[in-house]
Amino acid sequence: MKLSQEHSMMKSKTGYIHSLESFGTVDGPGIRFVVFFQGCPMRCKYCHNPDTWKVHEGQEMSVEEILKEYDKNKNFYKKGGITATGGEPLLQMEFLTELFKAAKEKGIHTCLDTSGITYREEKKEQFEELFRYLDLVLLDIKHSLPKGHKELTGQPQEPVLAFAGALEKAGIPMVIRHVVVPGITDNREELETLGHLIAKFKNLCGLEVLPYHTMGISKYERLGMEYPLKGVESMDKQEAKKAKEIILEVIKRERS
Ligand code: SF4
């Protein structure tokens, strides 16, 4: 084997990274180093990161390069860790697995923020490999009704729930995230259905109900894209709180 070939085999893979955030406080416990992955197959109408949609953009980085950035402030992350978000990190499954494997070898807490949309039963083994290095998942359920999910995201809901089932089987704690959008995901039927869908998961350890906001609009303008939810007002925090109570009521009822 030639030396150059040997070198390229030893070199770690690279991933397409949109950006890194050193002091994340909303994506998992403690202060976190947040890695935004490029690429997403969903097209959520309220997405505020449309610049992450294309996979082969952003910066190509190796696991070592990312962890070197982590190390610069590692004392801050003692009660936190690394969170992979995006975009959709599962689109770069192999690289994500390598990153989390290396993080776990250093004793770093790992958290994945995902929609679970790429999950397929035939790729079960690959997912199980990733699960070995995963401490927590923030699973975004965009819409609790299959038809609404398709309309809101352009993708079917079924893989998302199958992913939640696989996490439960692997015993990985799961926090459900849900954005409440006026006129789309703020009605009682949608919220109660969500409660019903997630109540059965034994690995459910939290629920974050987030109010829709319009802060992403300027990005659409910069990218020369039409914003799909033009005219929809930001959701009031109190309304989002009420929506959470509706979901929790169902969970409590079904678990009692
Ligand atoms: S899953 Fe996230 S990144 Fe992808 S379109 Fe939806 S909101 Fe945007």
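For clarity, every value in this text was computed on a predicted model and none was experimentally measured.

A. Here's a closer look at the overall build of the protein chain. Regarding its fold elements, the protein chain presents nine helices and eight strands. Whereas a compact globule of 256 residues would reach a radius of gyration of roughly 18 Å, the protein chain reaches 19 Å, a difference of no more than 12%. In terms of principal-axis extent, the alpha carbons of the protein chain reach across some 65 × 45 × 40 Å. Here the protein chain holds 256 residues, and 48% of them are scored as buried. When the accessible surface of the protein chain is split by element, carbon and sulfur atoms take 52% of a total near 13,300 Å². Within the protein chain, one finds 37 positive and 38 negative side-chain charges whose respective centroids are separated by 3 Å.

B. A look at the layout of surface pockets. A volume near 790 Å³ is recorded for the largest pocket. What lines the largest pocket is a set of 32 residues, and nearest its centre among them are His48, Asn49, Asp113, Asp140 and Arg177. Contributing elements (two or more residues each) for the lining of the largest pocket: β1 (14-24), β5 (110-114), β7 (174-180) and β8 (204-211). Grouping the constituent residues of the lining of the largest pocket by class yields 13 nonpolar, eleven polar and eight charged. What the second largest pocket holds in volume is close to 170 Å³.

C. Structural detail: unusual backbone geometry. Cis geometry marks the peptide bond from glycine 86 to glycine 87; its omega dihedral reads 15°. If you trace the backbone, glycine 87 turns up in the loop between β4 (81-85) and α3 (93-105).

D. Quick peek at the environment of valine 137. Inspection of the secondary structure assignment puts valine 137 in strand β6 (residues 136-140). Spatially, the C-alpha atom of valine 137 lies 18 Å from that of glycine 195, the residues being 58 residues apart in sequence. Apart from the residues lying within four places of it in its own chain, the contact partners of valine 137 are Leu112, Thr114, Phe163, Leu167, Ile172, Pro173, Met174 and Val175.

E. Representation of helix α6 (residues 158-170). Between the first and last C-alpha of α6 there are 19 Å, a value that for 13 residues agrees with the 18 Å anticipated at 1.5 Å per step. Within α6 the residues assigned to the buried category are Pro159, Val160, Phe163, Ala164, Ala166 and Leu167. Projected onto a plane normal to the axis of α6, the buried residues spread over an arc of 160° and lie on a single side. In α6, the exposed positions that point more than 90 degrees away from the buried face belong to Glu158 and Lys169. The secondary structure elements touched by the buried residues of α6 are β5, α4 (124-131), β6, α5 (146-153) and β7. Following α6 by one or two positions, glycine 171 has its phi on the positive side, about 70°.

F. View of the nonpolar core. In terms of nonpolar packing, the biggest core is built from 69 residues, with Tyr46, Ile82, Phe100, Leu112, Leu139, Phe163 and Ile198 touching the most fellow members. With residues near it in sequence (within four places) discarded, leucine 112 still touches Ala84, Pro89, Leu90, Leu96, Phe100, Leu130, Leu134, Leu136, Val137, Leu138 and Phe163.

G. Representation of the environment of leucine 91. If you trace the backbone, leucine 91 turns up in the loop between β4 and α3. Considered as a pair, leucine 91 and histidine 178 are 87 residues apart in the sequence and their alpha carbons are 21 Å apart. Filtering out sequence-adjacent residues up to four positions away, leucine 91 remains in contact with Gly39, Cys40, Pro41, Val55 and Thr118.

H. Region of the structure containing the packing of α4 against α6. One way to put it is that α4 packs onto α6 with a least axis distance of 11 Å and a crossing angle of 55°. By the angle between their axes, α4 is oblique relative to α6. Viewed along their axes, α4 and α6 form a crossing whose handedness is right-handed. Here α4 contributes Lys124, Phe127 and Phe131 to the contact with α6, which in turn contributes Phe163, Ala166, Leu167, Lys169 and Ala170. Of the residues contributing to the contact of α4 with α6, the split by class is six nonpolar, no polar and two charged.

I. A look at the site of the ligand. Near the ligand you find Cys40, Met42, Cys44, Cys47, Trp53, Gly87 and Lys142, and these make up its full shell. A molecule is said to occupy a pocket when more than half its atoms come within 2 Å of that pocket's grid points, and by this definition the ligand occupies the largest pocket. For the shell around the ligand, a count of residues per class yields five nonpolar, one polar and one charged.

J. Representation of the packing of aromatic side chains. Summed over the entire model, instances satisfying the criterion amount to eleven aromatic pairs. An aromatic cluster of at least three residues, connected via ring pairs, comprises Tyr119, Phe127, Phe131 and Phe163.

K. Geometry of the side chain of threonine 83. Mapped onto the elements of the fold, threonine 83 is located in strand β4. On the accessibility criterion, threonine 83 (0% relative accessible area) is buried. Reaching out from threonine 83, the side chain makes a polar contact with the side chain of arginine 32 at a distance of 2.5 Å. Not counting residues within four places of it along the chain, the set of residues in contact with threonine 83 comprises Asp27, Arg32, Phe33, Val34, Val35, Cys111 and Asp113.

Rules used throughout
Residues numbered from 1 in each chain as written. Predicted model: local features only at pLDDT ≥ 70, side-chain atom pairs only at ≥ 80, totals over all residues. Heavy atoms only, no water. Helix = DSSP H or I, 4+ residues; strand = E, 2+ residues; numbered from the N terminus. Rg over C-alpha atoms; globule rule 2.2 N^0.38 Å. Buried < 20%, exposed > 50% of the residue type's maximum accessible area, 1.4 Å probe, protein only. Areas by Shrake-Rupley, 256 points an atom, 1.4 Å probe, with all protein chains shown as cover. Lys, Arg positive; Asp, Glu negative; His and termini not counted. Charge placed at Lys NZ, Arg CZ, Asp CG, Glu CD. 1 Å grid on protein atoms, 1.4 Å probe; cavity = no way out; pocket = protein on both sides within 12 Å on 5 of 7 lines; lining within 4 Å. Points joined across faces, edges and corners; volume = space filled by probe spheres on them. Nonpolar A, V, L, I, M, F, W, Y, C, P; charged D, E, K, R; others polar. Contact = heavy atoms within 4.5 Å. Expected span 1.5 Å × (residues − 1). Arc of directions from axis to C-beta. Core = buried A, V, L, I, M, F, W, Y, C linked by side-chain atoms within 4.5 Å. Axes fitted to C-alpha atoms, helices over the stretch in contact; angles between N-to-C directions. Parallel < 35°, antiparallel > 145°, perpendicular 65-115°, else oblique. Left-handed = near helix turned anticlockwise from the far one by under 90°. Near = heavy atom within 4 Å. Sits in = over half its atoms within 2 Å of the grid points. Phe/Tyr/Trp six-rings, centres within 6.5 Å; stacked < 30°, edge-to-face > 60°. Polar contact = N/O pair within 3.5 Å; in protein donor to acceptor, adjacent residues only side chain to side chain.

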